[in-house]
Structures are given as C-alpha cells and as structure tokens.
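Structure at a glance
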Amino acid sequence: MTLAAIISVLEEFAPLRLQEKWDNSGLQIGLPPHSDGECTGALLCLDVTEATIAEAVERGCNLVISHHPLIFKGVKSLTGRDATQRTVAAAVRAGVAVYSSHTALDSTPGGVSYCMASLLGAMPFAPLSPADGGRVEVSITCPVDAVDDIRLALLDIEGVDSILSVAAKSSYLDVDSDGSFALGETPAQRLVLTLDSSRLRAVTSCLAGVPDGDLCAVAVTPLEGKSSTAGLGLIADFPEAITAGQLVERLKKAFGCSVVRTSLAYDPAVELRRIALCGGAGGEFIGNAAAAGAGAYITGDIRYHDFADMADENLILFDIGHFEGENCFKSIFYHVITNKFPNFAVYYAGAEKNPVKYL
C-alpha cells in the first residue's frame, strides 16, 4: 500500500477544500523514498510528538496521521530548539511521513462533531456553522441507454431530491483508446442535479458502479449558498428527551471526562432534546447553538467570559475539554482506512497522553 493511496482515501472522506483558510491540513512530512513507496503501517494520534514518532518506528509504521498539524505556525529553522523542530527532525531521520487532517475532518460530514453526537446517542440535524459555497450543479452527459440506471443510482445519494433531464444538443463524447475525448455519434442525454459539494465523491462512486458510467462527461458548477451537511460543529437531536443530569453521565462515560465544567443554567432535572456540539475549542459558536434552539452546547476550552455572558441564558454550556472532545478522531480514520484496506496495519498511539491534568 502506498502513501499516496492512503492519503487518497483520507482526502476522499475529508477533502482539504473543507479546511479553514488559517489551517494547515495535509501532508506535513513526506520525503522520498517512502512518499512514493510502500506504506508499512499508520499510527493515529491527536498530536505529533517525539514519543509518537518513536512509537511509530517501534511498531514498524512509516506514517503518522494526526488531527492537529505538526507544522502549523511555520518552522523557520531546524535547530532542535523547540518541541516542533525536534519532532520534525525525528520524523525525517526515521523516514516517517506525517499527515494531518484538522478542520478538514472537523467540517466533513461524519467528522469529529458527528462522532461526538453518535457517542451520545444523538442524531445529526445540520452543521452548527455551515461551510460556504456548499452547493454545486452537476451536469452529467451520458449515453441514452444508460440514463435510467444512472438516474436511479443518483437518486440514492443523500441530498438529491430531483434530477432534470435535458436533451443533448451535440454529439456525445466518446473516449478513444488513448484516454482522450473525441466527438462521436452515440445518442446522449444530459442529467442536471444540484447537491452539496461534500457529496461529489458519492456521484463519482455512483458512476463507477453503473454500466457505461465510465463514458459519462461530468461538469461541476459552484452555486451560491451554504452547505447543508458540511461545516464546523453540529446540531443534533436525541430520539427521546433526556435530562441534563443524564447527559452529564453520558458525557463522562463517552469522553472519559473526570470533570465537566458547566454554566449557571445547569439544572440536572431540565429535559433536553436538541443539543449542539463542536470538537476542540468551539466557544465562538455559542451564539449559533442558541440560535439553533439547542438546550445544551458541548465543546472545549470555553472562556470565563463566555460563561459570564451566558449567566442569565437558558442554554447550558458543557466544557468537556479539548483533548476529550477530539480524541474520537482516531476511531474515525481507523474505520475509514480499514474499511478500504482491511489488511493494512493501523494503530492508536499508546504513548499519547492528555497534556492537561486534573487534580
């Protein structure tokens, strides 16, 4: 299995275009020969440290996959004067590639906040802060004989409500043996649909599984508006109402919290149906959670002044910690990789520890 193949699977699930402009997701370290050679295994961790690089080497892995980027603020020298420089040097010396998926994974459907909701037994409703430019128009020119099969397959994609059929005005594009396109005489029809950009990979997979799907010509046009599935944070609903006290117990069990900080609105008897969640530090989305009608908002690194500002509000804030909220990142990518490559070795980092201690 090559490094390129592993990265392709990761980015199919969490495309880099979903990351925030300030972020640095992607391949952090990937030098020849392992960049185009065999990948011997992957170690999953939240933060890349010298200890995780050493563990990767010990386990026979030449790839470390992290949530937080190792190279984030920029490395202007490599002298070993700080932890980042020492870790970069250790990875290069050991021939270990480092790949990070930060806000790309936070924003993708099925990402960190979705995983948090699943651990609590809540069902996803919508992103808390939807990504920009989320809708696209997809035009698929295909052989007339394949239209019905392709239409039925496309309608199975979540978020596709209807598909417009348009008669093709020009000859269909045939694929020559060398892979180039040339005008042909095959009767064609054009199918036009709109969907969330995060579902584009589903269109590709759909066409790959339909007879003559490889002959289709696909054009994608971005549309104005927000995404309905991609974005930071998540609004979710419980199938049945639970009390705030019951939610605290679920939080401690699901995320391994020894301590949960909460706001003055907390009452263990209050019933909750709709909640909002955001992995990591999501204090900036407290207003979004309130506007969405959530009874509780679960995130980490909430500031004192955020608690103070919500002192007279009904929205209950729960701070479960940064590490605790994002640690499920490992299980997400573990399943993404092993579902595609069941015999590929993937490990959770055992050397990794929460940098925050609770006394």
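Residues numbered from 1 in each chain as written. Predicted model: local features only at pLDDT ≥ 70, side-chain atom pairs only at ≥ 80, totals over all residues. Heavy atoms only, no water.

1. Some thoughts on the packing of aromatic side chains
How two aromatic rings sit relative to each other is set out by the distance from centre to centre and by the angle between their planes. One pass over the full model with this rule turns up four aromatic pairs. Aromatic side chains Trp22 and Phe72 sit 6.1 Å apart centroid to centroid with 85 degrees between the ring planes, which places their arrangement in the edge-to-face category. With Trp22 in the loop between α1 (3-13) and β1 (26-29) and Phe72 in the loop between β3 (63-66) and α3 (83-94), the pair connects residues that are 50 residues apart, well separated along the chain. Ring centres of Phe329 and Phe333 lie 5.6 Å apart, and the angle between their planes is 70 degrees; this geometry places the pair in the edge-to-face category. Here the residue Phe329 and the residue Phe333 both occupy positions in helix α12 (residues 329-340), the gap between them amounting to four residues, near one helical turn. A single burial state applies to Phe329 and to Phe333, both of which are buried. Residue placement shows Arg274 over the ring face of Phe125; its charged tip is 4.1 Å from the ring centre. (Phe/Tyr/Trp six-rings, centres within 6.5 Å; stacked < 30°, edge-to-face > 60°. Helix = DSSP H or I, 4+ residues; strand = E, 2+ residues; numbered from the N terminus. Buried < 20%, exposed > 50% of the residue type's maximum accessible area, 1.4 Å probe, protein only. Lys NZ or Arg CZ within 6 Å of the ring centre and 35° of its normal.)

2. Digging into the side chain of Asp23
Position of Asp23 relative to the elements: it lies in the loop between α1 and β1. Nearest to the buried, unbridged Asp23 among oppositely charged side chains is Lys73, at 13 Å. Among the polar contacts made by the side chain of Asp23, one reaches the side chain of Ser25 at a distance of 3.0 Å. A polar contact is formed between the side chain of Asp23 and the side chain of His102, at a distance of 3.1 Å. Each residue touching Asp23, except ones within four places of it in the same chain, is listed here: Pro69, Phe72, His102, Thr103 and Ala104. (Lys, Arg positive; Asp, Glu negative; His and termini not counted. Salt bridge = Lys/Arg side-chain N within 4 Å of Asp/Glu carboxyl O. Polar contact = N/O pair within 3.5 Å; in protein donor to acceptor, adjacent residues only side chain to side chain. Contact = heavy atoms within 4.5 Å.)

3. Digging into the state of the cysteines
Tallied over the entire structure, the rule returns zero disulfides. The closest cysteine sulfur to the non-disulfide-bonded Cys61 is located on Cys39, 7.9 Å from its own sulfur. With no disulfide of its own, Cys206 has Cys216 as its nearest cysteine by sulfur position, at a separation of 8.9 Å. (Disulfide = S-S within 2.5 Å.)

4. Here we look at the nonpolar core
Counting 54 residues, the largest nonpolar core has Ile65, Leu247, Ile275, Ile298 and Phe333 as the members making the most contacts within it. When near neighbours in sequence (up to four residues on either side) are disregarded, Ile275 contacts Leu120, Ala122, Leu234, Ile235, Ala236, Phe238, Leu247, Ala294, Ala296 and Ile298. Among the nonpolar cores identified, the runner-up in size contains 19 residues, and Ile150, Leu195, Val203 and Leu207 belong to it. (Core = buried A, V, L, I, M, F, W, Y, C linked by side-chain atoms within 4.5 Å.)

5. Quick look at the environment of Phe341
Residue placement: Phe341 occurs in the loop between α12 and β17 (346-348). Each C-alpha atom, one on Phe341 and one on Ala5, is 9.8 Å from the other, the two residues being 336 residues apart in sequence. Not counting the four nearest positions on each side in its chain, Phe341 is found in contact with Met1, Ala5, Ile6 and Val9.

6. Some words on the sheet that holds strand β12 (residues 226-243)
The sheet built from six strands is open, its strands ordered β5-β12-β14-β15-β16-β13 with mixed pairing. Looking at strand neighbours, the two that pair on one side only are β5 (123-132) and β13 (261-262), the edges of this open sheet. Here β5 runs beside β12; their pairing, made up of seven bridges, is antiparallel. Bridging across to β12, Pro127 finds its partner in Leu234. Helix α5 (residues 112-120) contacts β5, β12, β14 (271-281) and β15 (296-300) of the sheet and is inclined by roughly 140 degrees relative to β14. Most of the contacts of helix α8 (residues 244-255) go to β12, to which it runs at about 120 degrees, and overall it touches β12, β14, β15 and β16 (316-319). (Pairing = 2+ DSSP bridges. Axes fitted to C-alpha atoms, helices over the stretch in contact; angles between N-to-C directions.)

7. So, α5
With seven of nine residues buried, α5 lies mostly within the body of the structure. Within the span of α5, buried status applies to Val112, Ser113, Tyr114, Cys115, Met116, Ala117 and Leu120. Phi turns positive one or two residues past the end of α5, at Gly121, with a value near 85 degrees.

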